[in-house]
Amino acid sequence: MYKKILLIFALFILVNINFASSEFKKNETESANLKSLYASYLMKNNNNTKYNNNDNSNNTNIYNDSVTKNKSKNKNELTVGIIGGGIAGLYAGMLFIKSMIFDDLGIDYTILEANKERVGGRVYTHKFDDHKYSYTDLGAMRIPLTPLMDRIVSNQNYSLFSKLAKGGYQIPTVPFLISVNNEISYYNGIRVLKGSPVLNPSDPFNYSDSNNGGPGKGIPDEYANRTVDSLILPVFYQFINNLTVDFYNGFKQMLKYDSYSARDYLKTFHNYPNSVIEYIENLSTISGRLDQTSITELLMSVFDFSGEKFVCVEGGTGLIVKSMSQIIKKKVEMGSFVTKISKSFDKKNNEIDGLNVEVVRDSNFGGSDTEILKFKHVISTTTLPALQRIDTSDLKLPLKLKVAIRSLKYTGAIKLAINFKYRWWEDSEFMSGKPIRGGSSNTDLLLRQVVYPSYGINNGTKGVSGVLLASYSGGLESIRISSMIGKKDKERKLLNIVLRDLAEIHNVDLKKLKNLYKDHFFQSWDNDEFSSGAFALFSTSQYTELFPSTGQSHVDGRFHLSGELTSVHHAWMIGGLNSAYRSVDLILKNEGFEDLRIKLRNNWGTIEQAEYPSLDWYKYDSDINHYKLY
Ligand SMILES: Cc1cc2nc3c(=O)[nH]c(=O)nc-3n(C[C@H](O)[C@H](O)[C@H](O)COP(=O)(O)OP(=O)(O)OC[C@H]3O[C@@H](n4cnc5c(N)ncnc54)[C@H](O)[C@@H]3O)c2cc1C
């Protein structure tokens, strides 16, 4: 269990190095502690008591302009414009609707989605052909079964899947296999298979100083047989403990170190040599990330990724957003690109009475026709790069928020999917008796991580096509690979590299592999025009100094940011859901509809206190000599 918690260090990119069992034994005490700690966390939170009911939204230190002055007389007057039809926008729609099935808030809303072809944003399933399993998830692909994810998948009646099932949309899930036998670690030209003996356990990949010509040439010998787990476990233990015992206070404690990058933190507080930090990045397939990411963000990603079990949606995660868009009845307005948001004034008293949203409908693109829609409140769920393109100058947003929109950091990610004639990796004969069914392989080659489908395992008989995620990478490689995605001739070159590396990692014949190729789909989230980034990955001091402004209401309490970046749970669908809930709640609060806030809680549970970011957080930096901002 602890192995899983710490393997997640790889920021969603798991490492399965299983060679240094002696090192694991050294850490048995920590392991036992962490195990029981996490077990008690699960027990404590399974009934959704502590984790979710820590509702402090009323005590949040908020901006002065966040309480709406010119309130709606009743809820029928209230109209909300939701920018973006990703999972956050659709969820806000679900919270607002009143239908035969849900007795929800009954508030009028409109979802404006720039993409004219599909809803879902970063929840995106690509289908190659009609076969049941010929698909891949290019964005969200797995959900850990932890209390944190209760709002998505659990038997709680407020969970998204329960609500969808109630409305007639079943979301089938199957286990997502994180780690399986025979998956490969291929580093420095050496192939180690999970479950098979390791040739040189004291230095499995020949990285030690001794094997590279002396001190300073490799990594110090004493580190060469250590796993990422054993290097990180003692470092993170106390933080994970604090978050587990009391998330909100654990989170604030963690912010004390927010001004440290992960690299600085490991060097300053744990004396890790640079070569060891690079070794960690290498095995975790996150080249360059430890410089760019704050220790806070890294810890949160570890915390969020923990779990004994994971699931994925059979048929693809896209099924979730498709079902959501159908259940909300009111059609998402597709191909509606929002270009400007401005204030609207009541002519009688000259007070703000709403916001105007300028929309260019897809058919009008290139022309001068625009439509202006007026709403009492607006929720923007777009990524910040997408929001930066919208003209918000008339809103006179606070400086902190403007800086946040411009500079809060996202990481890129690529997914390279190949449709083969059949699932050769599951074929024992093709794989010389070592088939791989689910899980992932890691490498120092460009592909960094190969993810095998956990769905449809053993359905991969010859003659039925099979889709492999030949690379899922989020480190520096994603930028390097992105530059080869888009045009046909570039992708052909990239495809050759991908097939070459796949053959090398799996020790199979390249010619045979090429013969099995049918089709491919390469996705770069850096290049994606609707998101321009994969997910938030804050750098130093961004949580404390810039993040709080994204979770507050602005412009007479009428403008609300939502979406995964504005949640403390970055890079997860749950972040989108929690942030949408918060925006809906703040609208009700600012309008003074306390009865509806109670209804929201009764029907949909509560979100954790940390989802209402407080401007007080910056104070936690003071003892490490950080200047105060407010
Ligand atoms: C590679 C990758 C892997 C991931 N893996 C997982 C995982 O395994 N599990 C998990 O839970 N999560 C995962 N995530 C995270 C998850 O996908 C996101 O957190 C979540 O989907 C974000 O939803 P959102 O609604 O906040 O934003 P988005 O999905 O980005 O939605 C925003 C919407 O706004 C629209 N838009 C943009 N500009 C405009 C405009 N001007 N006018 C109108 N509309 C506009 C966009 O088209 C988009 O539809 C992953 C993400 C990526 C990229």
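What counts and what doesn't
Residues numbered from 1 in each chain as written. Predicted model: local features only at pLDDT ≥ 70, side-chain atom pairs only at ≥ 80, totals over all residues. Heavy atoms only, no water. Helix = DSSP H or I, 4+ residues; strand = E, 2+ residues; numbered from the N terminus. Buried < 20%, exposed > 50% of the residue type's maximum accessible area, 1.4 Å probe, protein only. Areas by Shrake-Rupley, 256 points an atom, 1.4 Å probe, with all protein chains shown as cover. Patch = residues over 30% accessible without salt bridge, like charges linked within 9 Å, V, L, I, M, F, W, Y side chains within 5 Å. Salt bridge = Lys/Arg side-chain N within 4 Å of Asp/Glu carboxyl O. Lys, Arg positive; Asp, Glu negative; His and termini not counted. Charge placed at Lys NZ, Arg CZ, Asp CG, Glu CD. Near = heavy atom within 4 Å. Polar contact = N/O pair within 3.5 Å; in protein donor to acceptor, adjacent residues only side chain to side chain. Axes fitted to C-alpha atoms, helices over the stretch in contact; angles between N-to-C directions. Left-handed = near helix turned anticlockwise from the far one by under 90°. Contact = heavy atoms within 4.5 Å. Nonpolar A, V, L, I, M, F, W, Y, C, P; charged D, E, K, R; others polar. Pairing = 2+ DSSP bridges. Core = buried A, V, L, I, M, F, W, Y, C linked by side-chain atoms within 4.5 Å. Parallel < 35°, antiparallel > 145°, perpendicular 65-115°, else oblique.

- As annotated in an unreviewed UniProt entry, the chain carries the name Amine oxidase domain-containing protein and comes from Dictyostelium discoideum.

1. Examining the overall build of the chain
- When its secondary structure is counted, the chain shows 22 helices and 22 strands.
- Burial statistics for the chain: of 630 residues in total, 62% are counted as buried.
- Within the structure as shown, the chain displays about 23,700 Å² of accessible surface, and the carbon and sulfur contribution to it stands at 49%.

2. Focus: a positive patch on the surface
- Together, Lys487, Lys488, Lys490, Arg492 and Lys493 make up a positively charged patch on the protein surface.
- As for its position among the elements, arginine 492 is in helix α17 (residues 488-506).

3. Details of the pattern of salt bridges
- According to the stated counting rule, one finds 17 salt bridges in the structure shown.
- Across the pair glutamate 564 and arginine 122 runs a salt bridge, and its minimum N-O distance is 3.0 Å. Here arginine 122 lies in the loop between β2 (108-112) and β3 (125-127) and glutamate 564 lies in the loop between β22 (559-561) and α21 (573-591), a separation of 442 residues in the sequence.
- Look at glutamate 564 and you get buried, because its relative accessible area is 7%.
- Relative accessible area serves as the criterion here: at 23%, arginine 122 is assigned to the partly exposed category.
- With a closest N to O distance of 3.1 Å, aspartate 501 and arginine 500 form a salt bridge.

4. Let's talk about the site of the ligand
- Inspection of the region around the ligand gives 37 residues, with Ala88, Glu113, Arg122, Arg142 and Met573 positioned closest.
- One nitrogen or oxygen atom from the main chain of alanine 88 is found 2.9 Å from an oxygen atom belonging to the ligand.
- At 3.1 Å from a nitrogen atom of the ligand is found a main-chain nitrogen or oxygen belonging to alanine 114.
- Isolated, the ligand exposes 1,000 Å² of accessible area, and the fraction of that covered by the protein chains is 98%.

5. So, the packing of helix α7 (residues 228-245) against helix α10 (residues 274-283)
- With their axes 10 Å apart at the nearest point, α7 and α10 run at an angle of 115 degrees to one another. Handedness of the crossing formed by α7 with α10: left-handed. Between α7, through Val228, Leu231 and Ile232, and α10, the contact on the second element is made entirely by Val276, Tyr279, Ile280 and Leu283.
- Of the residues contributing to the contact of α7 with α10, the split by class is 7 nonpolar, no polar and no charged.

6. Here's the deal with unusual backbone geometry
- Non-glycine residue asparagine 271 carries a positive phi angle of around 55 degrees.
- Turning to its location among the elements, asparagine 271 is positioned in the loop between α9 (262-270) and α10.
- Residue aspartate 556 is not a glycine yet carries a positive backbone phi of 60 degrees.
- Within the secondary structure, aspartate 556 sits in the loop between β21 (553-554) and β22.

7. Describing the sheet that holds β2
- Taking strand neighbours across the sheet as the criterion, the 5 strands line up as β2-β1-β13-β22-β21 in an open arrangement whose pairing is mixed. Two strands lie at the open edges of the sheet, namely β2 and β21, each paired on one side alone.
- Pairing of β21 with β22, which is carried by 2 bridges, proceeds in the antiparallel orientation. The residue of β22 that forms the bridge with serine 553 is histidine 560.
- Those strands touched by α21 are β1 (79-83), β13 (377-380), β21 and β22, and its axis lies near 155 degrees from that of β22.

8. Focus on the environment of asparagine 458
- In this structure, asparagine 458 sits in the loop between β17 (449-451) and β18 (466-473).
- C-alpha separation for the pair asparagine 458 and glutamate 426, spaced 32 residues apart in sequence, amounts to 7.4 Å.
- Discounting chain neighbours no more than four positions away, the residues touching asparagine 458 are Glu426 and Arg437.

9. Looking at the pairing of β2
- For β2, the tally of buried residues reaches 4 of 5 residues, placing the bulk of the element in the interior.
- Sheet topology places β1 next to β2; 5 bridges connect them, and they run parallel. For glycine 81, the partnering residue across the bridge sits in β2 and is threonine 110.

10. Some thoughts on the nonpolar core
- Core analysis: the biggest nonpolar cluster contains 74 residues, and Phe96, Ile152, Leu160, Phe161, Ile320, Met324 and Ile328 have the highest contact counts within it.
- Looking at which element gives the most residues to this core, the answer is α21, with 9 residues.

11. Here's the deal with the packing of helix α8 (residues 247-254) against helix α12 (residues 295-305)
- At a closest axis distance of 10 Å, the pairing of α8 and α12 adopts a crossing angle of 150 degrees. When the axis of α8 is compared with that of α12, the two are roughly antiparallel. Taken as a pair, α8 and α12 cross one another with a handedness that is right-handed. For the pair α8 and α12, the contacting residues are Phe247, Phe251 and Met254 in the first and Thr296, Leu299, Met300 and Phe303 in the second.
- Across the contact of α8 with α12, the residue classes tally to 6 nonpolar, 1 polar and no charged.

12. Some remarks on the environment of glutamine 542
- Inspection of the secondary structure assignment puts glutamine 542 in helix α19 (residues 542-545).
- Here the alpha-carbon distance between glutamine 542 and threonine 296, two residues 246 residues apart in the chain, equals 9.6 Å.

13. Digging into the sheet that holds strand β12 (residues 371-375)
- The antiparallel open sheet is built from 3 strands, whose spatial order is β10-β11-β12. Each of the sheet's edge strands pairs with one partner strand only, and the pair in question is β10 (336-345) and β12. Across the sheet, the mean angle separating the axes of adjacent strands is 25 degrees when strand polarity is ignored.
- Strand direction decides the pairing type here: β10 and strand β11 (residues 352-361), joined by 9 bridges, are antiparallel. Residue pairing in the sheet places lysine 340 in a bridge with glutamate 358 of β11.

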